[in-house]
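# Observations on the three-dimensional arrangement
The primary structure of each chain is shown beneath.
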Amino acid sequence: MSNTVAVASHPEPDNNYWTAGYGLKSWLLTTDHKRIAILYLIMISVFFVIGGLFAVLIRLELLTPAGDLVSSDTYNKLFTLHGLVMIFFFLIPSIPAVMGNFLIPIMIGARDLAFPRINLLSWYVFAIGGMTTFAVVLFGGVDTGWTFYTPYSSTYSKTAVGLTAIGVFITGFSSILTGLNFVVTIHKMRAPGLTWFRLPLFVWAHYATSLIMLIGTPVVAITILLVFLERVFGVGIFDPALGGDPVLFQHLFWFYSHPAVYIMILPSMGVISEVVACFSRKRIFGYGFVAFSSLAIAVLGFLIWGHHMFTSGQSILAGMVFSILTMLVAIPSAVKVFNWTATMYKGSISFETPMIYVFGFLGLFTVGGLTGLFLGALGLDVHVHDTYFVVAHFHYIMVGGAIMGYLAALHFWWPKITGKLYSEAWAKLSAIIIFIGFNLTFFPQFLVGYLGMPRRYHVYPDEFQIFHILSTAGASILAIGYAFPAFYLIWSLFRGEAAPANPWNAKGLEWTVPSPPPKHNFDTIPVVKEEAYDYSRLEEEVV
Amino acid sequence: MLSNIQILPEVASTMAGKVDALYFFITAVSVFFFLLVMLLVTFFAIKFRRRSKDERPEPIHGSLKLELLWTVIPFILGMAMFGWGAVLYFDMFTPPVEGMNIYVVGKQWMWKIQHPEGNREINELHVPVGTPVKLIMTSEDVIHSFFVPAFRMKMDVLPGRYTTAWFEATKPGKYHLFCAEYCGTKHSQMTGSVYAMEPVDYQDWLERESVATLSMAQAGEQLYNQLGCGTCHAQEAEPRGPSLYGLHGRAVELLTGNAITADDSYIRESILLPAAKLVAGYGPLMPTYKGQVNEEELLRLVAYIKSLNLDTEDSTSESRGGKELKEHRNE
Ligand code: HEM
Ligand SMILES: [Cu+2]
Ligand SMILES: [Cu+2]
């Protein structure tokens, strides 16, 4: 390949990271970032299935207005565990810990992350946090909601809040370690010639994400520790009966958890940039604006936590400041959407599965972002706050946006990661099923939310039922859509055609190494001589 | 069945229509941008679809003009939404001076409501239409949130302090009352109804349902005497505690030198944690009443202390309610 000097000497094709060692021990003690990514992939997939099962039960319960399937306490535990598992154990680690781990070193021309052993440690920390959460289920579950609002969580709840707090606390350290590793790696280990503005936007997005992980996670860790102290030792921090302030908790919690929503979406945005460029054969329109909008989001994201508290009794002035900043943070998101769209202009667009997911992402993320404006507008948020409108908003962004991005990534880099090709037909079919199921599940929730249906309700007035029926029907379709990839992807591992090094004819260093990549990625460190996404210089189709 | 699916809640307060107007505005902007992006994506996808494997489109690096355009237009629209929303928010949380007060205590899992006239209800709230109703709310345990969709009104109800909100019903009817902040097992059953009534019907209801013989302020006075507050707060030459007449709404000078306006929360705190904010010129004499009075009783004490203003000025609803009831009883 013209731009790098690495490609000439491929190692033997079967000398790759999968075959570099056999046996459980070779996996559990590996420091290879690619193997650690696989370990993460397995673990978060398990969590996704578990979180999904909770969701199925929630949707079934809501099919009828009465609480007939499970008791109120069980229902409350279901939505709490669903939120906890999906956010802390699936979505936050999903793209960074799997795709970022696997790809960042290769994308920047390095042989591994800066601290390979810390990388393995972060997986173990994550696993311990995950096991703690399993233990919570065994000890009867937890019912505070993923938001742990005090004084309910610190004093009143009779469930395993303490253990859950420990689990989330531990898991936070895995984020911190991953973030630290990425920041140092991106600063220090770029190949010669790979300047900041030649980096793939996927790397920029992960850089911004890592900053948030580093700055924000300690705050939530401390907050959760404080809840633990109050609950176990009766130290008065949040419960007014002990002289504490319950709203203080909300400030601390959202100081992390608002930026955390960007931990979930920024990596996805990075994926979209890669995929849209590849399947349009174009440089990303306005590369610099897309890169800096990630940083703008990361910075502004820390200043708008108060938009979760417009009805909690904060002053009108504080509400106004948070509202205006919330409107500002929507702008970099809009800028990205416009730039992706413009990238397609005069491109050469093809419709393989990853691109289908990008179309899905664009539609759903746009709805999610636009409905954020409804929530950021003070007087309107007062009405829709804590209703299904909010539930719909964040599912459009986190499931419609972030998970679509994750699936796009999984399908885009699957041949690279596994060396196998999956069935395009099945993959496209499932993408379409997911898109339809998703909209049927969550669009009605905007309507029922505006009508006044509060969230976290086990029973509800009859007039809301029709919306819940639609939603449950959609969720059934969605579940089928999500089950498909599990089958055809695993199938491809055993029966799939071998993937060439660059099946999509894409740009980027990861496509210059064989699929799957060799243990140390590169024999010789490549020298980068061109900008990212230089598709005009794409050499002839290899197939 | 499909024909009678509603997608807007009932419009039953002065705020409801205004909130809906903002909702329509943001919906219109959103639909416009959504369609714009979707049409462009579809159009580009079709027009520029790959026709041959060898296509190598010319790179386009970007356009500063376009970037400015799609930064500035969303910015302007965002600021419009902010401004509009802020005006509504200001209205929602700035109760008009006239109007009546209702006292709300939330607890797991019920709403306890007291009218100044002394009427009490649980999970029901009767109000007249055409009168601003100010809610003074607190919680006995965890955080709850008082939510009436038909009024587009919601406010968190916190333990340890008073929060306020207001609405003015415009249309008689029965409306949902929800707890919107998750509060434990029966959060979804912490619901009730708001009955908006014509003023005459409301007066009827007050009289018909009036099992209480005392107004809130009178009940507060009784408590005040039982607890012996008067031993220190009496109107005498050298009282041990400051006079409570005219206290509500007045600026109080504290020992620390700061001044603070004596609102409901301040009075509540003075009773529960007297030492927290000592009044200038007085020592830490007053005992705490924490554990001796519950939130509902506290509200009555507050109502009583507020009523002590009336001897000087006669304006708030406490007096009207109280006096009307007195007259009524005297008949
Ligand atoms: C694009 C601009 C966005 C704006 C203007 C926005 C605005 C808001 C606002 C104002 C709320 C509070 C609503 C309420 O509770 O009443 C909210 C809630 C939420 N948003 Fe967004 N948002 C945006 C993007 C995102 C993104 C990117 C994510 C996640 C990936 C996200 C996830 C959430 C979540 C999880 C909640 C609810 C948290 C909870 O209460 O459990 N939002 N959003
Ligand atoms: Cu937020
Ligand atoms: Cu509740």
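By convention here, each chain's residues receive numbers from 1 onward along its written sequence. Both sets of labels track the order of writing: A upward for chains, 1 upward for ligands. Note on the predicted model: pLDDT of at least 70 is required for a residue's local features to be given, and 80 or more for side-chain atom pairs to be given and counted; whole-chain, interface and lining totals, by contrast, use all residues. As a convention, hydrogens and water are excluded, and side-chain values are obtained from all of the structure's heavy atoms.

## Some points on the overall build of chain B
Put simply, the test is: In DSSP terms, a helix is any run of H or I states spanning at least four residues, a strand is any run of E spanning at least two, and both are numbered starting from the N terminus. The atom set for the radius of gyration is the C-alpha atoms, and the globule formula is 2.2 Å times the number of residues raised to the power 0.38. Burial classes follow relative accessibility: with a 1.4 Å probe on protein chains only, a residue under 20% of its type's maximum area counts as buried, one over 50% as exposed, and anything between as partly exposed. Pairs of residues are marked as contacts when any of their non-hydrogen atoms sit within 4.5 Å. Exposure was quantified through the Shrake-Rupley algorithm and a 1.4 Å probe, taking into account, for residues, occlusion by the shown protein chains and nothing else.
The helix and strand inventory of chain B stands at eight helices and twelve strands. For 331 residues, the compact-globule estimate of 2.2 N^0.38 gives 20 Å, and chain B exceeds it by more than 25% at 27 Å. Counting every position in chain B, which comprises 331 residues, the buried fraction comes to 48%. Sequence-distant contacts, at least 24 apart, represent 67% of the contacts inside chain B between residues at least 6 apart. Entry remark: accessible area of chain B is about 15,500 Å², with carbon and sulfur atoms responsible for 59%.

## Brief notes about the domain arrangement of chain B
Residues and elements named next belong to chain B. In plain terms, the rule: Domain start and end points were adopted from an automatic or database domain assignment. Once two parts are joined, some of their accessible surface, as seen by a 1.4 Å probe, is lost; buried area is that loss totalled over both.
Taken domain by domain, chain B holds domain 1 (8-43 + 63-213) and domain 2 (216-328). For domain 1 and domain 2, the distance between their C-alpha centroids amounts to 30 Å. The interface of domain 1 with domain 2 comprises 23 residues on the first partner and 21 residues on the second. For the pair domain 1 and domain 2, the summed buried area comes to about 1,900 Å², and 52% of that belongs to carbon and sulfur atoms. Broken down residue by residue, the surface that domain 1 buries against domain 2 is led by Tyr103, Gln114 and Tyr162, which jointly contribute 34%.

## A short note on a nonpolar patch on the surface
Inclusion rule: Without a salt bridge and with relative accessible area above 30%, a residue can belong to a patch; like charges are then joined within 9 Å and nonpolar side chains (Val, Leu, Ile, Met, Phe, Trp, Tyr) within 5 Å. Here, a salt bridge means any Lys or Arg side-chain nitrogen found within 4 Å of an Asp or Glu carboxyl oxygen.
On the surface, Val56, Leu57, Leu60, Leu63, Leu69 and Ile469 of chain A cluster together into a nonpolar patch covering about 450 Å² of accessible area. In terms of residue count, the dominant contributor to the nonpolar patch is helix H2 (residues 33-61) of chain A (three residues).

## A short note on the pattern of salt bridges
All names here are of chain B. Following the criterion strictly, the structure yields 13 salt bridges over all chains and no others. The closest approach of N and O atoms between lysine 171 and glutamate 10, which form a salt bridge, is 3.3 Å. Of this pair, lysine 171 sits in the loop between strand S8 (163-168) and strand S9 (173-179) while glutamate 10 sits in the segment before helix H1 (16-47), and the two are 161 residues apart along the sequence. Note that glutamate 295 and arginine 268 form a salt bridge whose closest N and O atoms lie 2.6 Å from each other. Separated by 27 residues along the polypeptide, glutamate 295 in helix H7 (residues 295-307) and arginine 268 in helix H6 (residues 264-272) bring together distant segments of the chain. Each member of the pair, glutamate 295 together with arginine 268, is buried. Connected through salt bridges with shared partners, the residues Lys112, Glu140 and Glu296 form a single ionic network.

## Some details on the pairing of strand S7 (residues 153-157) of chain B
All names here are of chain B. Put simply, the rule is: Two strands make a pair as long as DSSP finds a minimum of two bridges between them.
Of all five residues making up S7, five are buried, and the element is well covered by its neighbours. In S7, alternate side chains face the same way, and those of Met153, Met155 and Val157 on one face and Lys154 and Asp156 on the other are all buried. The pairing of strand S6 (residues 144-148) with S7 spans five bridges and is antiparallel. Across the sheet, serine 145 pairs through a bridge with aspartate 156, a residue of S7. The antiparallel pairing of S6 with S7 creates a hairpin that spans four residues between the two strands, and arginine 152 there sits at a positive phi of about 50 degrees.

## Focus: the site of ligand 1
All names here are of chain A. Note the following rule: In these notes, residues near a molecule or strand are those with any non-hydrogen atom within 4 Å of it. Two N or O atoms count as a polar contact when they lie within 3.5 Å, although within protein this holds only if one can serve as hydrogen donor and the other as acceptor, and sequence-adjacent residues are included solely when both atoms are side-chain atoms. A cavity, in this analysis, means grid points on a 1 Å lattice covering only the protein atoms where a 1.4 Å probe fits yet has no way out; a pocket is instead an open set bounded by protein on both sides within 12 Å along at least five of seven lines, and a residue lines either one if it has an atom within 4 Å of a point. Pocket or cavity membership: a molecule qualifies when more than half of its atoms sit within 2 Å of the grid points of that site. Put simply, Ala, Val, Leu, Ile, Met, Phe, Trp, Tyr, Cys and Pro go in the nonpolar bin, Asp, Glu, Lys and Arg in the charged bin, and everything else, Gly too, in the polar bin.
Taken together, 21 residues lie around ligand 1, and Val261, Asp381, His385, His393 and Arg455 are the ones closest in. Between an oxygen atom of ligand 1 and a side-chain N or O atom of tryptophan 146, the distance comes to 3.1 Å. Within the side chain of histidine 385, a nitrogen or oxygen atom sits 2.7 Å from an oxygen atom of ligand 1. When atoms are counted within 2 Å of each cavity's grid points, the one that captures over half of ligand 1 is the largest cavity. At the level of secondary structure, the elements contributing two or more residues to the shell around ligand 1 comprise helix H8 (246-280), helix H10 (316-344), helix H11 (353-376) and helix H13 (388-418). Of the residues assigned to the shell around ligand 1, the class counts are ten nonpolar, nine polar and two charged.

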